[in-house]
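Take a look at the letters that make up each chain.
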Amino acid sequence: MAATQLDALIVGAGFSGIYQLYRLRQLGLSTRVVDMAGDVGGTWYWNRYPGAMSDTESYLYRFSWDEEDLLTYPWSRHYVKGPQVLEYLRHVVERHDLRKDMQFNTELVSADWNGQSNHWDVRLSTGEVLKVRYLITALGLLSKANYPDIPGASTFTGTLCHTAAWPEDLDLTGKRVGVIGCGSTGVQVITDIASRVKSLTCFQRSPQYSVPSGDRPVEPEYRKWVNENYDQIFDQVRNSIVGFGFTESTVPFKSVTSAEERDAIFEELWNKGNGFRFFFGGFCDLAIDREGNEAACAFIRKKISQIVKDPEKARKLSPHEYYARRPLCDAGYFEQFNRPNVDIVHLRETPIVSIRPQGIETTAGLVELDVIVFATGFDAIDGSYNRIRIRGRDGLTLKEKWEPRGPTSYLGVAVPSFPNLFLITGPQGPFTNLPPAIEAHVDLTTRLITHAEEVRKAQGDDSVGLIEALPEAEQEWCQRCENMAAGTLFHESASWIFGRNIPGKKIALRFYFGGLKSFYEAVNHVIEADYEGFRPINQSSPAKI
Ligand code: NA7
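Calculation rules
Residues numbered from 1 in each chain as written. Predicted model: local features only at pLDDT ≥ 70, side-chain atom pairs only at ≥ 80, totals over all residues. Heavy atoms only, no water. Near = heavy atom within 4 Å. Polar contact = N/O pair within 3.5 Å; in protein donor to acceptor, adjacent residues only side chain to side chain. Areas by Shrake-Rupley, 256 points an atom, 1.4 Å probe, with all protein chains shown as cover. Nonpolar A, V, L, I, M, F, W, Y, C, P; charged D, E, K, R; others polar. Helix = DSSP H or I, 4+ residues; strand = E, 2+ residues; numbered from the N terminus. Buried < 20%, exposed > 50% of the residue type's maximum accessible area, 1.4 Å probe, protein only. Salt bridge = Lys/Arg side-chain N within 4 Å of Asp/Glu carboxyl O. 1 Å grid on protein atoms, 1.4 Å probe; cavity = no way out; pocket = protein on both sides within 12 Å on 5 of 7 lines; lining within 4 Å. Points joined across faces, edges and corners; volume = space filled by probe spheres on them.

Attention now goes to the site of the ligand. As a matter of local geometry, the ligand sits amid 20 residues, with Thr185, Arg205, Ser206, Arg325 and Arg326 nearest to it. Contact distances for the ligand include 3.1 Å between an oxygen atom and a backbone N or O atom of Ser184. In this structure, Trp496 approaches the ligand through a side-chain N or O atom, which is 3.1 Å from an oxygen atom. When the free accessible area of the ligand is taken as 770 Å², the share hidden by the protein chains comes to 85%. When the residues that make up the shell around the ligand are grouped by side-chain class, the tally is 8 nonpolar, 8 polar and 4 charged.

Unlike most non-glycine residues, Leu411 shows phi in positive territory, near 65°. Secondary-structure assignment places Leu411 in the loop between α13 (398-402) and β20 (421-423). For Leu411, a relative accessible area of 1% gives the class buried.

Think of it this way: side chains of opposite charge can pair up when their charged atoms draw near. Following the criterion strictly, the structure yields 45 salt bridges and no others. For the salt bridge of Asp7 with Arg133, the shortest nitrogen-to-oxygen distance reads 3.0 Å. Of this pair, Asp7 sits in strand β1 (residues 4-11) while Arg133 sits in strand β8 (residues 129-137), and the two are 126 residues apart along the sequence. In this pair, the class of Asp7 matches that of Arg133, namely buried. A salt bridge links Asp69 to Arg95; its shortest N-O distance comes to 3.8 Å.

Attention now goes to the layout of surface pockets. Of the pockets and cavities examined, the second largest pocket occupies roughly 350 Å³. Looking at side-chain class alone, the lining of the second largest pocket contains 14 nonpolar, 4 polar and 2 charged residues.

Below, the structure is given as structure tokens:
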């Protein structure tokens with residue numbers, strides 16, 4: 001079969017792929033998006049579990065670049081639920097007529113850099129072969145589900161599912177349900193289903209610090225305020241650290257010396273809601289100041305003991321590690337444990353022995369179940385890349401390149417020896433609210449491609465105009481990421497942020513913790529300094545090393 005020639009291929013039809021297609025269309029490039037899913041949505045296509053919700057304020061969990069749409073698109077609550085996010089993304093795709101360049105139920109099988117023609121040779125699961133100049137991965141941070149290896153799982157006679165592959169027709173009403181895992185996802189599922197299932201048993205390995213989300217209906221006055229202030233709102237987001245729409249605190253914990261005053265700050269944050277606001281909105285150093293972090297922990301533990309009436313359940317639900325995972329919030333998680341049909345099993349005290357045909361057996365005995373839900377998270381970031389073969393200029397695949405030291409990049413978007421490959425939210429990109437981080441990456445990628453096209457066209461030579469990060473730039477960026485993360489307690493938590501949630505996975509820094517403002521500054525510097533850190537664009541790519 002003859003290869004189809006395209007300027008660009010984008011892999012993934014979530015927030016990243018949609019916006020990247022929109023931008024490349026503006027450049028007049030022939031571009032196609034492929035996605036293994038049946039429709040647009042990315043992470044929201046797959047994660048259709050009950051209670052799925054973004055925990056960013058609704059007015060910020062969207063694209064900033066279509067002003068008319070920002071002003072007119074309806075949202076009725078402070079947080080958007082999964083189905084509404086999907087609806088929104090479909091709406092954007094229709095509004096900008098993007099669907100005609102999208103192909104679903106199609107996987108990227110392999111991409112090999114062809115140094116003779118300076119193209120990516122791509123194979124799709126449909127059997128089609130493509131030749132593309134630019135390859136853009138918009139795979140999402142969390143797309144490879146983590147299925148824990150629990151003996152006997154295949155013997156279970158009820159329904160067993162993962163939250164990231166939720167069966168559409170699964171009705172939990174009146175069922176005996178067991179949920180394994182209580183990260184962001186587990187907390188949302190548990191809160192949503194507790195009132196309608198016959199029994200709910202939560203199998204928890206690490207208790208979580210979670211604060212109220214503060215979700216409520218949006219008053220017309222509030223919407224009016226947002227609409228009248230969009231310019232300032234997005235300006236603030238791009239000049240913030242985490243991009244959640246609130247101003248991060250500059251107050252060091254120890255500068256507030258009275259315990260009452262500190263608690264009053266925590267109380268106000270608790271009442272306002274949102275996990276990121278709780279973590280970054282009251283004090284500037286909860287991620288590094290152990291005493292401050294412990295004070296926040298003690299405050300949340302006190303809340304748990306006040307909310308959960310049964311002291312034994314409250315004890316099991318109370319975390320004692322540092323508060324240093326992705327900050328969670330919920331719509332009444334701890335309250336659910338006051339229902340007589342909801343129980344908690346602390347797996348550090350009574351571990352799972354096996355899954356049996358009738359349910360889950362721990363060292364405390366068998367819990368009989370109709371449905372087992374794995375809310376066990378993801379093989380994050382590089383996990384998404386490990387299942388496709390992307391082979392660069394020097395013959396190594398991305399997986400092989402990342403194996404020895406963990407996943408690295410320049411600015412989160414480019415990898416040395418992988419010319420004209422762009423990673424949207426690749427490793428060592430900013431750790432923030434995702435839509436603004438995605439926009440930052442797509443804008444950077446578009447800028448780089450624009451530059452490459454200009455040079456190529458000006459010289460009428462396909463062997464130039466290649467964008468490739470230099471190894472020393474990647475090293476410097478890694479070092480910068482390390483410096484930003486140095487001393488943070490996030491290093492010490494066993495979460496997916498460093499890859500500690502997957503047995504055997506390389507433990508490495510997978511994010512840039514410098515925040516959005518600093519990321520934008522770094523990008524602007526690179527562009528102003530004539531694309532510093534990238535191989536000179538009017539030189540052709542070196543041959544295979
Ligand atoms: P997370 O945050 O990685 O949470 C996964 C949960 O599953 C967590 O509580 C894990 O416990 C638990 N887990 C994982 N493996 C096991 C085994 N084998 N046995 C028992 N419990 C297990 O994933 P989420 O989907 O909740 O959230 C991911 C991100 O999605 C979130 O941060 C948001 O950005 C959106 P552990 O804590 O490892 O002890």
